[in-house]
Structures are given as C-alpha cells and as structure tokens.
Amino acid sequence: MTSRKLGLQLAACLLNVSEARNKHIVEKIANAALHDQHGHKHPDTSVLNVFSDYDYNRSVITIVSTAEQIGRSVTSACVEGFACIDLSQHDGVHPCLGAIDLIPIYPLSDVRPEECGLVAQDEKTKKSLAEKRRGLWWFKKNTKADLTQLKADVGANPSKRYGLTGVGASPYVINCNVTLDTKDVAAGRFIANAIRSHADGVQALAFPHNGQVEIACNVESLVNTQCPNLLSESHKFISYSICSESYFYVCPLHLESQIRELARHQGINTVETALVGFTPQECKKTAEYAISHGIGEYWKKRRGIFM
C-alpha cells in the first residue's frame, strides 16, 4: 500500500542523540517517539531503525510519520533524551554540541522540504549544516568550547547539561561510512578532504574508530542546478522525485569506489561500508509498509544495529 493510497504526506527525522553506550537509554528515546506524555500512542508513526556507535557515543534514530505529526513524535523523543542524557558527562570521538545533537526533518512523499520545518524557513537562520557547525567550532574536536557562551537562534541559550541542538529541514541526507584498514587519521583526513572537493553534495570527515579510521560521509540530495557534473557523469548519481521535483545524490557504491581508490594510492585497504539507516527510496517504502501495517517498533523487527 503506497502513501498516496494511504492519503498521507510522509516525513522522516534521523534524530542524532549523544548516547550509544547505554542501550537502555537509546531504546527509551526510540520508544518515546511513539507515545505522548500520557502514554497515548502517536498516530501514523514508526521508528524504523536505531543505529548506535560505541566509539562515537552517538545514535541515529529513524522516526517516520505524517508531516502533520512528525513534530510531536520527535518532540516526545527529545523530551526523553534530555531527561536521560547529560552532555557534560559525554565522551566520544564524534563531535557534538547537544545531548540531542541534531534534528533533521526530510520529506518522503507528497510534501516539500519547506513544509517540514519552520526553523529551516527562517531566512535569518537558513544556513547549511556545515556552515552552522563551522561557526560553532564543531569541527575542532580539541577546542573546549564553553557552550553556555553560545547563543541559540531560537529558544533558551545552551546549558552544560543539554548543550545546543541543531534543527532544520532539507531533502534527504544519507549517512554513509567507509572504514579504512589503518590507524593513520592524517591519511584519512587527506582522503576526506579529497572527497569533499570532488564529490557533489558530499560532506566527509575522518575519525579514529575501533582501532581503525572511518570516513563518515553525509550524502545530500540535490536538485539538478546543484549538480554541475550531472549531465557528463549521470552514472554516478541516483535520482528520485517528490511532488514532481527531481532530486539526485551520489551513488553510495560510487562513493565507496572513490574512497577505495584514494586509499589505494596511499597503500591503504578499505574494510567495509555501512549505510546508517536507509536511502531515500528505501526509507519511503519502509515507512509506507510500517505505517500501513501499524508497526510502531519496526526497528525491533529489523533488529536495530548496535555497534
């Protein structure tokens, strides 16, 4: 049963929380997305996936619902997350600014990005995630930023316990991680920089990870005017459409191949590649299935991934 037959405008949130080592807390946050404060079940809502990384001490929880409902479902999860996570005690190799670090809302079907988040529509705060993070020292892991001195665009200023939460909406972003068989973080950063420079819509960083190095990539969905190489390199992109608008993103297999080739030139092998959750098409299809069958805890059927 498709979302069009269901008559639903579907959206997804890949909620990034600064906890992965306490599985019980992560599961409480995931389950909280399905119910309001009185324990009543949120309608047309499912948690599709939970991906937790021990070294990063970071989890990504995929919440799907209608565009009308997604804000309430995500808020329920965030309230639980703020109650359980103390950012001042956080330790992990992945940079973060908040106990609930990032709330990205993505359209899945019959809804546009600008309908998915009020903050993203505010021209005063409408910057890319990378721009916002750069202005907040996010990329400088060794910088001991005093979060209480930062100013939020919306709401109260951050505290040491809760930190600062990024909220916004955009076309779907895939998280794709490639592991290198090396401990040389400098080599990994060289590869990540090359990927950022040559792959349309790909942000890449290198982190030490489980005794190796991981290239963590955010693969953005772009419109054709944002893809200067689309016509000449169409085989490198995958396309999909929402509300008659076509979007394109770099194929994860091509991205993996690029990283493998760059690594080979430095005498380094790649070990594995992991998608954190779904591609846009997979997320839409899975959301339609889970919601049409009333499966709120779909992630348990899928056996959410804890690493």
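The residue numbering used here restarts from 1 in each chain and proceeds along that chain's sequence as written. Only residues with pLDDT of 70 or above have their local features reported here, since the model is predicted, and side-chain atom pairs are shown and tallied only from 80 upward, although totals for entire chains, interfaces and linings are computed over all residues. Hydrogen atoms and water are omitted, and side-chain values are computed over all heavy atoms in the structure.

- The name that an unreviewed UniProt entry assigns to the chain is Glutamate formimidoyltransferase-like isoform X2, with the source organism given as Pelobates cultripes.

**What to know about the packing of helix α2 (residues 23–32) against helix α3 (residues 70–84)**
In step 1: Lines fitted to C-alpha atoms define the axes here, with helix axes fitted over just the stretch in contact, and angles between the N-to-C directions of these axes take values from 0 to 180 degrees. Numbering of helices and strands runs from the N terminus, with a helix taken as a DSSP run of H or I at least four residues long and a strand as a DSSP run of E at least two residues long. Put simply, α2 and α3 touch, their axes get as near as 7 Å, and they point 155 degrees apart. Taken together, the axis directions place α2 and α3 in an arrangement best described as roughly antiparallel. Between α2 and α3 lies a crossing whose hand is right-handed. Each of Ile25, Lys28, Ile29 and Ala32 in α2 lies in contact with α3, whose residues at this interface are Ser76, Ala77, Glu80, Gly81 and Cys84.
In step 2: Its residues assigned to classes, the contact of α2 with α3 shows 5 nonpolar, 2 polar and 2 charged. Angles are sorted into four bins: roughly parallel if under 35 degrees, roughly antiparallel if over 145, roughly perpendicular if 65 to 115, and oblique for all others. Handedness of a crossing follows from how the near helix is turned relative to the far one, being left-handed for an anticlockwise turn of less than a right angle and right-handed for a clockwise one. Here, two residues are considered to be in contact whenever any of their heavy atoms come within 4.5 Å of each other. Here the nonpolar group is Ala, Val, Leu, Ile, Met, Phe, Trp, Tyr, Cys and Pro; Asp, Glu, Lys and Arg are the charged ones; every other residue, Gly included, is treated as polar.

**Quick look at the environment of Ile25**
In step 1: Considering the arrangement of structural elements, one finds Ile25 in helix α2.
In step 2: Sequence separation between Ile25 and Ile85 is 60 residues, and the spatial gap between their C-alpha atoms is 8.1 Å.
In step 3: Residues within four places of Ile25 in sequence aside, it is in contact with Glu19, Cys84 and Ile85.

**A short note on the nonpolar core**
Soluble globular proteins: nonpolar side chains tend toward being buried together.
In step 1: Core analysis: the biggest nonpolar cluster contains 52 residues, and Tyr172, Ile215, Val219, Leu255 and Ile259 have the highest contact counts within it.
In step 2: Those residues in contact with Tyr172, other than ones at most four positions away along the chain, are Leu14, Tyr106, Leu108, Val219, Glu220, Ser221, Tyr240, Phe278, Thr279, Pro280 and Cys283.
In step 3: Counting 28 residues, the second largest nonpolar core, distinct from the first, contains Ala11, Val47, Ile70 and Trp299. The nonpolar core is taken to be a set of buried Ala, Val, Leu, Ile, Met, Phe, Trp, Tyr and Cys residues, with the residues joined through side-chain atoms within 4.5 Å. Only protein chains enter the area calculation, which uses a 1.4 Å probe; residues under 20% of their type maximum are buried, those over 50% are exposed, and those in between are partly exposed.

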